[in-house]
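So you can see what is in the structure, the chains are spelled out below.
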Amino acid sequence: MRVHPRLLMATPTATGSARSLRPAPLALLPPIPLYRRLLRAHRKFLPRDMRLLGDEYVKSEFKAHRSVENPVHIIGFLTEWQLYAQKLEGDKWIGEKMDVGKIGKMSDQQLGQMYELMQAIRENKLNDSEPSPDDLVAKSK
């Protein structure tokens, strides 16, 4: 992912006046510090199995977007990952539902990935709720 120098110099500014309804824009982290921050947040805030899944996903997404040169795509990519890191660090992500507007903007491939992730989570919950053979032996005694 090639980051243009203008993107690295982004700082939050007060656009307009105090009457403005929009919040000040985020200062975007460059890709490598953001990548490290995400992995650190996973290590600190996620249980082991979720961390492994999250780390794999972050690594594959950053690798897939390494060659992107469109500044709009780069800004969108970095912004969404930075918001994710902030939510993860603030524990605001637990039980949160996705924004309908974001779902509407997703491609068919992205929707397919979300569906696969949902299926994996449901399967994991079912496997956790099923009694293990040791539990069955202990109950029969």
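Parameters at a glance
- Residues numbered from 1 in each chain as written.
- Predicted model: local features only at pLDDT ≥ 70, side-chain atom pairs only at ≥ 80, totals over all residues.
- Heavy atoms only, no water.
- Helix = DSSP H or I, 4+ residues; strand = E, 2+ residues; numbered from the N terminus.
- Buried < 20%, exposed > 50% of the residue type's maximum accessible area, 1.4 Å probe, protein only.
- Contact = heavy atoms within 4.5 Å.
- Areas by Shrake-Rupley, 256 points an atom, 1.4 Å probe, with all protein chains shown as cover.
- Expected span 1.5 Å × (residues − 1).
- Arc of directions from axis to C-beta.
- Polar contact = N/O pair within 3.5 Å; in protein donor to acceptor, adjacent residues only side chain to side chain.
- Salt bridge = Lys/Arg side-chain N within 4 Å of Asp/Glu carboxyl O.
- Axes fitted to C-alpha atoms, helices over the stretch in contact; angles between N-to-C directions.
- Parallel < 35°, antiparallel > 145°, perpendicular 65-115°, else oblique.
- Left-handed = near helix turned anticlockwise from the far one by under 90°.
- Nonpolar A, V, L, I, M, F, W, Y, C, P; charged D, E, K, R; others polar.
- pLDDT = per-residue confidence, 0-100.
- Phe/Tyr/Trp six-rings, centres within 6.5 Å; stacked < 30°, edge-to-face > 60°.

Each helix and strand in the chain was counted, giving seven helices and zero strands. Of the regular secondary structure in the chain, the N- to C-terminal order runs α-α-α-α-α-α-α. Burial status across the chain gives 17% buried among its 141 residues. Contacts spanning at least 24 positions in sequence make up 64% of the contacts within the chain whose residues lie at least 6 apart. For the chain, the accessible area works out to roughly 11,200 Å², and carbon and sulfur atoms hold 58% of it.

What follows deals with helix α4 (residues 71-90). With 20 residues, α4 ought to run about 28 Å at 1.5 Å a step, and its terminal C-alpha atoms sit 28 Å apart, in line with that. Among the residues of α4, I74, F77, L78, W81, Q82, A85 and L88 are the ones counted as buried. Buried residues in α4, looked at end-on, bunch into an arc of 125°, giving them a common side. Between the side-chain oxygen of the N-cap and the backbone nitrogen of V72 there are 3.0 Å, and the N-cap of α4 in question is N70. Backbone geometry just downstream of α4 places D91 in the positive-phi region, at approximately 60°.

Before going further, it helps to spend a moment on the pattern of salt bridges. As enumerated under the stated definition, the model contains three salt bridges in all. Taking the shortest distance from any N to any O, the salt bridge between K102 and E80 comes out at 3.0 Å. Of the two residues, K102 sits in helix α5 (residues 100-105) while E80 sits in helix α4, which places them 22 residues apart along the sequence. Residue classification places K102 among the partly exposed positions, given a relative accessible area of 35%. For E80, a relative accessible area of 38% puts it in the partly exposed group.

Relative orientation of the contacting elements helix α2 (residues 31-45) and α4 amounts to 25°, with a least axis distance of 10 Å. Between α2 and α4, the crossing angle belongs to the class labelled roughly parallel. In the crossing of α2 with α4, the sense of the turn from one axis to the other is left-handed. Along its contact with α2, which presents P31, L34, R37, L38, A41, H42 and F45, the element α4 presents L78, W81, Q82, Y84, A85, Q86, L88 and E89. In terms of residue class, the contact of α2 with α4 is made up of ten nonpolar, three polar and two charged.

Here we take up the confidence of the model for the chain. In the predicted model, the chain carries a mean pLDDT of 79, and the fraction of residues at 70 or more is 70%. Mean pLDDT values for the elements of the chain range from 51 in helix α7 (residues 133-140) up to 94 in α2. Throughout residues 13-18 the model reports pLDDT below 50, and contacts reaching past four residues in sequence, or to other chains, amount to three contacts. Within the model, pLDDT remains below 50 along residues 136-141, and this stretch shows one contact once partners closer than five positions in the same chain are excluded.

Moving on to the packing of aromatic side chains. Applying the stated criterion to the full structure yields six aromatic pairs. Look at Y57 and W81: their rings are 6.0 Å apart centre to centre, the planes differ by 45°, and that puts the pair in the tilted class. With Y57 in helix α3 (residues 48-64) and W81 in helix α4, this residue pair connects regions lying 24 residues apart in the sequence. Classification of Y57 by relative accessible area gives partly exposed; the value is 39%. When its relative accessible area of 11% is taken as the criterion, W81 is described as buried. Relative to Y84, the ring of W81 lies with its centre 5.5 Å away and its plane at 90°, an arrangement referred to as edge-to-face. Of this pair, W81 and Y84 both sit in helix α4, three residues apart, which is roughly one turn of the helix. Site record: aromatic cluster; members linked through ring pairs are Y35, Y57, F62, F77, W81 and Y84.

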